[in-house]
Amino acid sequence: MTARRARLEDLAEIALALPEVEEGTSWGRLAYVVRKRSFVHFREPRPDAVDPDTGERMDDVILFAVGDQNDKDSLVASDSPWFTTPHFDGYNAVLLRERDLGRLTRRELEEVVTDAWAAKAPKRLVEAYFDEA
């Protein structure tokens, strides 16, 4: 049996199932936040993320927080849809185009979203969540 590919609706379902998560906004675009801290958000088109095929600013980039540089490096270094831009040098986040969600399995997406939440949620909330899991 093959793993089901991730879909956009999975992102909301996974994020909103985590403790104390709400939909919010970041720069006027949809974000998932825990105690007012964004851990996943949809970016506006920016000059640092340009489609190499069209030369146009990407309008479907999603930012995911990561725990540290090692997490970031392992996601970006693999043959995967994850990427970064010089704008995010030194910042614990990775980027993914919405169109590339299907390159991930739902399980892979769940792992990255949960890790993103854990990177931004208060330590005690994270510990309580993983103690119950």
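Above this note sits the structure.
Treat the numbers as computed from the prediction; the structure is a model and nothing was measured.

### So, the sheet that holds strand S5 (residues 93-97)
- With respect to topology, five strands assemble into an open sheet ordered S1-S2-S3-S4-S5, the strand pairing being antiparallel. Of all strands in the sheet, those with a lone pairing partner are strand S1 (21-26) and S5, marking the two edges. This sheet shows a mean twist of 30 degrees between the axes of neighbouring strands, independent of strand direction.
- Relative to strand S2 (residues 29-34), S1 runs antiparallel, the two sharing six bridges. Along S2, the bridge assignment pairs Ser26 with Arg29.

### So, the packing of helix H1 (residues 8-16) against helix H3 (residues 106-120)
- For the pair H1 and H3, the least separation of the axes is 10 Å and the interaxial angle reads 45 degrees. Taken together, the axes of H1 and H3 lie oblique to each other. Once H1 is placed against H3, the crossing between them reads as right-handed. Together, Asp10, Leu11, Glu13, Ile14 and Ala15 of H1 and Arg106, Leu109, Glu110 and Val113 of H3 make up the contact between the two elements.
- Across the contact of H1 with H3, the residue classes break down as five nonpolar, no polar and four charged.

### Things to note about H1
- Turning to H1, its buried residues are Asp10, Leu11, Ile14 and Ala15. Seen from one end, H1 has its buried residues packed into an arc of 120 degrees, which puts them on one side.

### Some details on the packing of aromatic side chains
- Under the definition given, this model contains four aromatic pairs.
- Residues Phe64 and Trp82 carry aromatic rings whose centres are separated by 5.1 Å and whose planes lie at 90 degrees to one another, so their mutual orientation is edge-to-face. Of the two residues, Phe64 is situated in strand S4 (residues 61-65) and Trp82 in the loop between helix H2 (69-77) and S5; the sequence distance between them amounts to 18 residues. Comparing Phe64 with Trp82 shows no difference in burial state: the two are buried.
- For the pair Tyr129 and Phe130, a centre-to-centre distance of 5.1 Å together with 75 degrees between the ring planes defines the contact as edge-to-face.
- Judged by relative accessible area, which is 26%, Tyr129 ranks as partly exposed.

What counts and how
- Residues numbered from 1 in each chain as written.
- Predicted model: local features only at pLDDT ≥ 70, side-chain atom pairs only at ≥ 80, totals over all residues.
- Heavy atoms only, no water.
- Pairing = 2+ DSSP bridges.
- Helix = DSSP H or I, 4+ residues; strand = E, 2+ residues; numbered from the N terminus.
- Axes fitted to C-alpha atoms, helices over the stretch in contact; angles between N-to-C directions.
- Parallel < 35°, antiparallel > 145°, perpendicular 65-115°, else oblique.
- Left-handed = near helix turned anticlockwise from the far one by under 90°.
- Contact = heavy atoms within 4.5 Å.
- Nonpolar A, V, L, I, M, F, W, Y, C, P; charged D, E, K, R; others polar.
- Buried < 20%, exposed > 50% of the residue type's maximum accessible area, 1.4 Å probe, protein only.
- Arc of directions from axis to C-beta.
- Phe/Tyr/Trp six-rings, centres within 6.5 Å; stacked < 30°, edge-to-face > 60°.

Read these as layout, nothing more, since geometry by itself doesn't imply function.
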